[in-house]
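Summary of the model geometry
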Amino acid sequence: MSRIGNLPVKVPTGVEVTLGEGEIVVKGPLGTLTQALSDAVRVKRDADKVVFEAANDSIEANAMSGTLRALLANMVLGVSKGFEKKLNLVGVGYRAQAAGETLNLTLGFSHPVAHKMPKGVKVETPTQTEILIKGIDKQRVGQVAAEIRSYRPPEPYKGKGVRYSDEVVVLKETKKK
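What comes next is a walk through the structure. (Residues numbered from 1 in each chain as written. Predicted model: local features only at pLDDT ≥ 70, side-chain atom pairs only at ≥ 80, totals over all residues. Heavy atoms only, no water.)

1. A word on the overall build of the protein
The criterion, for reference: Only DSSP runs of H or I with at least four residues qualify as helices, and only runs of E with at least two residues qualify as strands; both kinds are numbered from the N terminus onward. Each radius of gyration is computed over the set of C-alpha atoms, and the globule rule expresses the reference value as 2.2 Å times the number of residues to the power 0.38. Summary of the burial criterion: residues with accessible area below 20% of their type's maximum are buried, those above 50% are exposed, and those between are partly exposed, where the area comes from a 1.4 Å probe applied to protein chains only. Any two residues whose heavy atoms approach within 4.5 Å are treated as being in contact. Using a 1.4 Å probe, accessible areas were evaluated by the Shrake-Rupley method; residue-level cover was limited to the displayed protein chains. Just so you know, the count uses Lys and Arg for positive and Asp and Glu for negative, and it drops His and the chain ends. Where a charge sits is defined by one atom per residue type, namely NZ (Lys), CZ (Arg), CG (Asp) or CD (Glu).
Of regular secondary structure, the protein possesses 3 helices and 13 strands. For the protein, whose C-alpha radius of gyration is 21 Å, the value lies well above the compact-globule estimate of 16 Å for 177 residues. Counting only C-alpha atoms, the protein reaches 65 × 40 × 25 Å along its principal axes. Residues counted as buried form 30% of the 177 residues belonging to the protein. Partitioning the intrachain contacts of the protein with sequence separation of at least 6 by distance along the chain shows that 51% fall at a separation of at least 24. Just so you have it, the protein exposes about 10,900 Å², and 51% of that area is on carbon and sulfur atoms. Positive and negative side-chain charges of the protein, numbering 27 and 19 respectively, have mean locations separated by a distance of 10 Å.

2. A few points about the nonpolar core
Inclusion rule: For this analysis, a nonpolar core means a set of buried residues of the types Ala, Val, Leu, Ile, Met, Phe, Trp, Tyr and Cys, connected via side-chain atoms within 4.5 Å.
Grouped together as the largest cluster of nonpolar side chains are 18 residues, with contacts concentrated most on L103, L105, I131, I133 and I148. For this core, the secondary structure elements donating two or more residues are β7 (83–90), β9 (102–106), β11 (121–124), β12 (130–135) and α3 (138–151). Residues contacting L105, with those up to four places away along its chain left out, are R95, A96, P112, V113, I131, I148 and Y151. Listed in part, the 17 residues of the second largest apolar core include V17, V26, V76 and I136.

3. Side note on the side chain of H115
Quick note on the threshold: For the purposes of these results, a polar contact is taken to be a pair of N or O atoms within 3.5 Å, where, inside protein, one atom must be able to donate a hydrogen and its partner to accept one; residues adjacent in sequence count only when each atom of the pair is a side-chain atom.
Note on placement: H115 falls in strand β10 (residues 113–116). Accessibility expressed as a relative area gives 7% for H115, which makes it buried. A polar side-chain atom of H115 sits 2.8 Å from a polar atom in the side chain of Y151. When residues no more than four places from it in sequence are discounted, the contact partners of H115 are E101, T102, L103, V144, E147, I148 and Y151.

4. Quick notes on the sheet that holds strand β4 (residues 31–36)
This is how it is decided: Paired strands, as defined in this entry, are two strands with at least two bridges between them according to DSSP. What counts as an axis is a line fitted to C-alpha atoms, over the stretch in contact for a helix, and the angles between N-to-C directions run from 0 to 180 degrees.
Strand order in the open sheet formed by 3 strands is β2-β3-β4, and the pairing between neighbours is antiparallel. With partners counted over all chains shown, the strands left at the sheet margins are β2 (16–19) and β4, one partner each. Taking the axes of each pair of neighbouring strands and ignoring which way they run, one obtains an average angle of 15 degrees across the sheet. Across 4 bridges, the pairing between β2 and strand β3 (residues 23–28) is antiparallel. Opposite T18, over in β3, you have V25 as the bridge partner. Running at roughly 170 degrees to β4, helix α2 (residues 59–80) makes contact with β2, β3 and β4 of the sheet.

Structure, rendered in structure tokens:
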């Protein structure tokens, strides 16, 4: 059995988990998230815990029980506390400015880059070189951060570009004469 799938998900106060036909709905102070359920997994709701177990002994059911448990744990954390990713801009003239639902980036191209935020994701720019992406859906927040980083990933010689705040860029040594 999956080691992750064996662990129950604790539901904190203020968060409501509803098991429906083929889906699970999590409501909290920050919003609502839904996730489709697999037929290979049985879900049981106790007082303040949700338990997942494989419906049969197949490898797919075992893997899916751990996957759904991890997804539900992230949903509970998202609707109660939320997720955030922080990006840094490194380079002369690289700037970011949040304007409503759009993030305007100046990344050394001949044109400015405007990135439209999807529904449920908010962006802030505390300084011109920092970007803060917030939301309740962990996958969506991470995807938006990866899309913004892909406009100008850090290059290996000077380290210029868009990088995660905790990312370590290993610089290459330049060519010697």
